[in-house]
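The chain contents come next:
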Amino acid sequence: MMMFLSTTAAFAGVIIALIALKFAGRDYLYKVNCLSQYILLSQIGFLLAIIVLFTSAPTMLNLAVPVIRDTVIIPILRGQPEATLTSYYTAINNGISRGYLWNAYNLWSSSQKAEHHYDQFRGMLKDTQYIQVREVKLISRTTDSAEIVAEVTAVVDENGVRKYLVEKIDHNLSIEEGWWRVTSFQHLEEPLVYFAPPNASPRKYKTDSHVAPKAPVLTAH
C-alpha cells in the first residue's frame, strides 16, 4: 500500500512538474505580457517550486498515510460493531445446523476465550435450535470499545420441551488486532418464554432471515 501511494505521488509530481515547466516557458510568459526583466525570475521561481514539491512530497505522504489509514481505510475494512454482533449471531445459527461453531467462537476476544474454551461455548448452546438478532442498539462507543444491547429470539429444546424465547442481552465489544471482538455479555432480564406446539419443527421458524421467527404461541410463562 505504501509503495503504491509513493509511486502515485511521484507520478503526480512529474505531471505537475511538466505543467509547471510549460507555464515557465518563455513563449508562455511573453504571451501573458510578462516583462522581459521578470522572465528569468519567474523561471527561477517555478524551478524552486518544483524542487520543493519533489522534496516535500515524500514527507507529506508519510504524514498523510497514517491519518488516512486510521480514519478512513481501517474503519471501512473493520466495519461497525453492530455488524460484527449481527455476524456473531448469524455464525451461531449457521453453526448450530452444521455442528460447527468455530466461526462464532472466533468472534470472541482472546480474554473471553481464555475463560471459556470451545467445548464450553458449544455446551452453552446445546439446547438451542435456532437463534437470531431482532434488534441491536448501540449504548456507547469509543475508538476501541462499544456497548450494544441486542434483542435476541431463540428456539430451544429443554428435555423435549420446545420453547420460543425473547431476551435482551448486553454485549461489550473491543478492538483486537484491528477487528471488533465480543469481550463479554450478560442477560439484562429474564427472557419471555412461549411454548410452541410439541410437534413443531425448528424449520418452521426459519422464514425471512431478517425477520424474527413467529412461533404459534399457546401459553406464556
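Residues numbered from 1 in each chain as written. Predicted model: local features only at pLDDT ≥ 70, side-chain atom pairs only at ≥ 80, totals over all residues. Heavy atoms only, no water.

**Q** Mind laying out the overall build of the chain, listing which residues take part and the relevant values?
**A** Along the backbone of the chain there are seven helices and five strands. In sequence order, the secondary structure elements of the chain are arranged as α-α-α-α-α-α-α-β-β-β-β-β. Taken across its 221 residues, the chain has 30% of its residues classed as buried. Restricting to contacts in the chain with at least 6 residues of sequence separation, those with at least 24 account for 52%. Total accessible area on the chain is roughly 14,100 Å²; 61% of this is exposed by carbon and sulfur atoms. (Helix = DSSP H or I, 4+ residues; strand = E, 2+ residues; numbered from the N terminus. Buried < 20%, exposed > 50% of the residue type's maximum accessible area, 1.4 Å probe, protein only. Contact = heavy atoms within 4.5 Å. Areas by Shrake-Rupley, 256 points an atom, 1.4 Å probe, with all protein chains shown as cover.)

**Q** Break down a nonpolar patch on the surface for me, citing the residues and quoting the values.
**A** Taken together, the side chains of Ile44, Leu47, Leu48 and Ile51 define a hydrophobic patch exposed on the protein surface, amounting to about 360 Å² of accessible area. Here Ile44 shows up in helix α3 (residues 36–78). For Ile44, a relative accessible area of 41% gives the class partly exposed. (Patch = residues over 30% accessible without salt bridge, like charges linked within 9 Å, V, L, I, M, F, W, Y side chains within 5 Å. Salt bridge = Lys/Arg side-chain N within 4 Å of Asp/Glu carboxyl O.)

**Q** Lay out the nonpolar core in plain terms, naming residues and giving numbers.
**A** Counting 27 residues, the largest nonpolar core has Leu85, Tyr88, Tyr89, Ile92, Phe121 and Val152 as the members making the most contacts within it. Looking at which element gives the most residues to this core, the answer is strand β2 (residues 145–158), with six residues. (Core = buried A, V, L, I, M, F, W, Y, C linked by side-chain atoms within 4.5 Å.)

**Q** Can you break down unusual backbone geometry residue by residue, with the values?
**A** One non-glycine residue with positive phi stands out, namely Asn159, at about 55°. The topology assignment puts Asn159 in the loop between β2 and β3 (161–176). Judged by its relative accessible area of 82%, Asn159 is exposed. Unlike most non-glycine residues, Glu177 shows phi in positive territory, near 55°. The topology assignment puts Glu177 in the loop between β3 and β4 (179–187).

**Q** Talk me through the packing of aromatic side chains; I want residue IDs and the actual numbers.
**A** Within this structure, the stated rule accounts for nine aromatic pairs. Arranged with centres 5.5 Å apart and planes meeting at 45°, the rings of Tyr105 and Phe121 form a pair that is tilted. Taken together, the positions of Tyr105 in helix α5 (residues 102–105) and Phe121 in helix α7 (residues 118–124) put the pair 16 residues apart, joining distant regions of the chain. In this structure, Tyr105 and Phe121 share a single accessibility class: buried. (Phe/Tyr/Trp six-rings, centres within 6.5 Å; stacked < 30°, edge-to-face > 60°.)

**Q** Run through the pattern of salt bridges, naming residues and quoting values.
**A** Inspection of every chain in the model, using the stated rule, returns four salt bridges. Among the ionic pairs, Lys126 bridges to Asp127, the shortest N-O distance being 3.3 Å. Judged by its relative accessible area of 63%, Lys126 falls in the exposed class. A salt bridge links Arg162 to Asp157, with the shortest nitrogen-to-oxygen separation between them at 3.9 Å.

**Q** Break down the environment of Lys113 for me, with residues and values.
**A** Mapping Lys113 onto the fold places it in helix α6 (residues 110–115). In this structure Lys113 comes out as partly exposed when scored by relative accessible area, which is 27%. Among all residues touching Lys113, those that are not within four sequence positions of it are Tyr105, Asn106 and Trp108.

**Q** Talk me through the pairing of β3; I want residue IDs and the actual numbers.
**A** Note: β2 against β3, 14 bridges, orientation antiparallel. Of the residues in β3, the one forming a bridge with Val149 is Asp170. Connecting the antiparallel pair β2 and β3 is a turn made up of two residues, with Asn159 showing a positive phi of about 55°. Both β3 and strand β5 (residues 192–195) contribute to a ladder of four bridges, which runs antiparallel. Within the sheet, the bridge partner assigned to Tyr164 lies in β5 and is Tyr194. Bridge count for β3 against β4 is eight bridges, and the pairing is antiparallel. What sits directly across from Leu173, in β4, is Val182. (Pairing = 2+ DSSP bridges.)

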